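What follows is each chain in one-letter form.
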Amino acid sequence: MSTSKPNPLTYLITGGAGFIGSHVVDALLAAGQRVLVIDNLSTGRLANIAHQLDHPAFHFARADITDGIVMDRLASDADIIIHLAAAVGVKLIVEHPVHTIETNVMGTEAVLQTALRYNCRVLLASTSEVYGKGSKIPFSEEDDVLLGATSKSRWSYAASKMVDEFLAFAYQREFGLQVVPLRLFNTVGPRQTGRYGMVVPQFVRQAIRGEPITVYGDGSQTRCFCHVQDVTRAIIGLAQHPDALGQVYNIGSTEEITIGELAERVKTITHSQSPIITIPYAEAYAPGFEDMQRRVPDTSRIQTLLGWQPRYSLDEILRAVMEYEQNRLKEITGGE
Ligand code: UDP
């Protein structure tokens, strides 16, 4: 392997075997870049990157991001780190609050420290959860944020990601590290697992299996769903743009839909006979659970910088997820 700085660039993707990470890997390799991945496969899946394992410009390390030796070796070879490794999914967060806080805070600190050693640019995945219970629609990057009480563990995820953002900016101000925090809104598409409660894979899976489609609460809460390939394009665009540095960017769709309507839409697209049922939040998550009623991004900042806009409609996304889930179901049931 050459010791001079490679041109194309070398990207280190933490969480590269995960849902979003694996799509970023595919897009970078397709664009002729070198890609290193670190993933402990806690929520990521080897199957997501299996098709790239023999690629000459790809290297995978199964390790934790807090493993200083592995991170150091990988970062020493990288120009840009895209830090996606995190505890994600509201269900996982509510069930494992200690793991969530520790992974998100200590893991990010480890990534920033290593990046500083090798002067890597860092793109850091944060979340729209940071906007908490804010009622101003749409959410803009410089808005105030309003989180719930610390007794409600759901908000620990938002708080941990806010610490990540603060930490990133602190590294920039004090040490000159190049950072770009990204607030990802609801991202969906093939390879997203329904295991951690994410609504789109969950609904699609329920619909194609003929099981009840479980709407939590009364279904009037809204979300905007963005195709993972649109999100990937945004992340790579920001990674490569010199003027992206030092600001947070919202990444998401602005096509808003209630969860009740989403259930209907999934049922129609999958031609399912599944009943749609409602389940109280306290039963679905934990007593006292607080949801976000509406969540819509203001994407003018990224649009102005990159001209970025989502290309996929919600129906196209749902069809893509349906095909992916149908194929997975065939694999599980032996192909009939
Ligand atoms: N949701 C639902 N049924 C499910 C899973 C989720 O009604 O089986 C709701 C959830 O309560 C939330 C929305 O769908 O209002 C989006 O949930 P998700 O976990 O996908 O993402 P969030 O936006 O909460 O991070």
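Nothing here was measured: the structure is a model prediction, and the numbers come from that model.

Let us now look at the overall build of the protein. For the protein, the count of helices and strands is 11 helices and 13 strands. Along the longest, intermediate and shortest principal axes, the C-alpha atoms of the protein span 60 × 50 × 40 Å. Expressed as a percentage of the 336 residues in the protein, the buried residues total 54%. Surface accessibility of the protein: about 14,600 Å² in total, with carbon and sulfur atoms responsible for 52%. Positive and negative charge centroids in the protein, built from 30 and 37 side chains respectively, lie 2 Å apart.

For the rest of this paragraph, the subject is the side chain of Thr-114. Its location among the elements puts Thr-114 in helix α4 (residues 97-118). Apart from residues lying up to four places away in sequence, Thr-114 is in contact with Met-71, Asp-72 and Ala-75.

Okay, helix α2 (residues 68-75) next. Here α2 has its buried residues at Val-70, Met-71, Leu-74 and Ala-75. Buried residues of α2, viewed axially, fall in a sector of 125°; they line one side. Taken together, the buried residues of α2 touch β1 (10-14), β2 (34-39), β3 (58-62), β4 (80-83) and α4.

This part takes up the site of the ligand. As a structural note, the neighbourhood of the ligand is formed by 19 residues, with Thr-214, Tyr-216, Arg-223, Asp-291 and Arg-295 the closest of them. Here Gln-202 contributes a side-chain N or O atom positioned 3.1 Å from an oxygen atom of the ligand. Contact between the ligand and Arg-223: an oxygen atom at 2.5 Å from a side-chain N or O atom of the residue. Protein contact buries 95% of the 520 Å² of open area that the ligand shows by itself. Counting residues per element, the ones that place at least two in the shell around the ligand are α6 (199-209) and β8 (213-216). Looking at side-chain class alone, the shell around the ligand contains 9 nonpolar, 5 polar and 5 charged residues.

Bringing the packing of helix α1 (residues 19-30) against helix α7 (residues 228-240) into the picture now. The N-to-C vectors of α1 and α7 enclose an angle of 65°; their axes lie 9 Å apart at closest approach. Remark: the crossing between α1 and α7 carries right-handed chirality. Residue-level contacts link Phe-19, Ile-20, His-23, Val-24, Ala-27 and Leu-28 of α1 to Val-228, Gln-229, Thr-232, Ile-235 and Ile-236 of α7. A per-class count over the contact of α1 with α7 returns 8 nonpolar, 3 polar and no charged.

Core analysis: the biggest nonpolar cluster contains 37 residues, and Ile-13, Val-24, Ile-82, Leu-123, Ile-235 and Ile-251 have the highest contact counts within it. By residue number, the principal contributor to this core is α7, which donates 7 residues. For Ile-235, the contacting residues outside a window of four places in its chain are Ile-20, Val-24, Ile-82, Leu-84, Leu-123, Leu-182 and Ile-251. Listed in part, the 25 residues of the second largest apolar core include Ala-75, Ala-115, Cys-120 and Ala-168.

On to the state of the cysteines. This structure, assessed with the given rule, holds 0 disulfides. For the unlinked cysteine Cys-226, the closest cysteine sulfur is that of Cys-224, found at 9.4 Å.

To continue, consider the pattern of salt bridges. For the coordinates displayed, the defined rule picks out 17 salt bridges. The partner of Glu-165 in a salt bridge is Arg-183, with the nearest N and O atoms 2.7 Å apart. Taken as a pair, Glu-165 in helix α5 (residues 154-175) and Arg-183 in strand β6 (residues 179-184) lie far apart in primary sequence, 18 residues in all. For the salt bridge of Glu-256 with Arg-294, the shortest nitrogen-to-oxygen distance reads 2.7 Å. Placement of Glu-256 in strand β12 (residues 256-258) and of Arg-294 in the loop between α9 (281-284) and α10 (300-306) is noted, with a sequence separation of 38 residues between them. On the basis of relative accessibility, which here comes to 31%, the residue Glu-256 falls in the partly exposed class. What you see here is one network of salt bridges that share partners, running through Glu-129, Arg-154, Arg-223, Asp-291 and Arg-295.

Helix length check: α4, at 22 residues, gives a terminal C-alpha distance of 32 Å against a target of 32 Å (1.5 Å per residue), a fit within 8%. The complete set of buried residues in α4 reads Thr-100, Asn-104, Gly-107, Thr-108, Ala-110, Val-111, Leu-112, Thr-114 and Ala-115. Positive backbone phi, at 55°, marks Asn-119, one or two positions downstream of α4.

This part covers the confidence of the model for the protein. Here the protein averages 94 in pLDDT, while 98% of its residues score no lower than 70. Within the model, the stretch residues 1-6 combines pLDDT values under 50 with 6 contacts to residues more than four positions away or in other chains.

Two aromatic rings, taken as a pair, are described by how far apart their centres are and by the angle between their planes. Summed over the entire model, instances satisfying the criterion amount to 6 aromatic pairs. Between Tyr-216 and Tyr-285 the ring centres are 5.3 Å apart and the planes differ by 80°, which places this aromatic pair in the edge-to-face class. Within this pair, whereas Tyr-216 is found in strand β8, its partner Tyr-285 is found in the loop between α9 and α10, the two being separated by 69 residues in sequence. Tyr-216 sits in the buried class, given a relative accessible area of 12%. A relative accessible area of 23% places Tyr-285 in the partly exposed class. Ring geometry for Tyr-281 and Phe-289: centres 5.7 Å apart, planes at 35°, overall tilted.

Cut-offs applied
- Residues numbered from 1 in each chain as written.
- Predicted model: local features only at pLDDT ≥ 70, side-chain atom pairs only at ≥ 80, totals over all residues.
- Heavy atoms only, no water.
- Helix = DSSP H or I, 4+ residues; strand = E, 2+ residues; numbered from the N terminus.
- Buried < 20%, exposed > 50% of the residue type's maximum accessible area, 1.4 Å probe, protein only.
- Areas by Shrake-Rupley, 256 points an atom, 1.4 Å probe, with all protein chains shown as cover.
- Lys, Arg positive; Asp, Glu negative; His and termini not counted.
- Charge placed at Lys NZ, Arg CZ, Asp CG, Glu CD.
- Contact = heavy atoms within 4.5 Å.
- Arc of directions from axis to C-beta.
- Near = heavy atom within 4 Å.
- Polar contact = N/O pair within 3.5 Å; in protein donor to acceptor, adjacent residues only side chain to side chain.
- Nonpolar A, V, L, I, M, F, W, Y, C, P; charged D, E, K, R; others polar.
- Axes fitted to C-alpha atoms, helices over the stretch in contact; angles between N-to-C directions.
- Left-handed = near helix turned anticlockwise from the far one by under 90°.
- Core = buried A, V, L, I, M, F, W, Y, C linked by side-chain atoms within 4.5 Å.
- Disulfide = S-S within 2.5 Å.
- Salt bridge = Lys/Arg side-chain N within 4 Å of Asp/Glu carboxyl O.
- Expected span 1.5 Å × (residues − 1).
- pLDDT = per-residue confidence, 0-100.
- Phe/Tyr/Trp six-rings, centres within 6.5 Å; stacked < 30°, edge-to-face > 60°.

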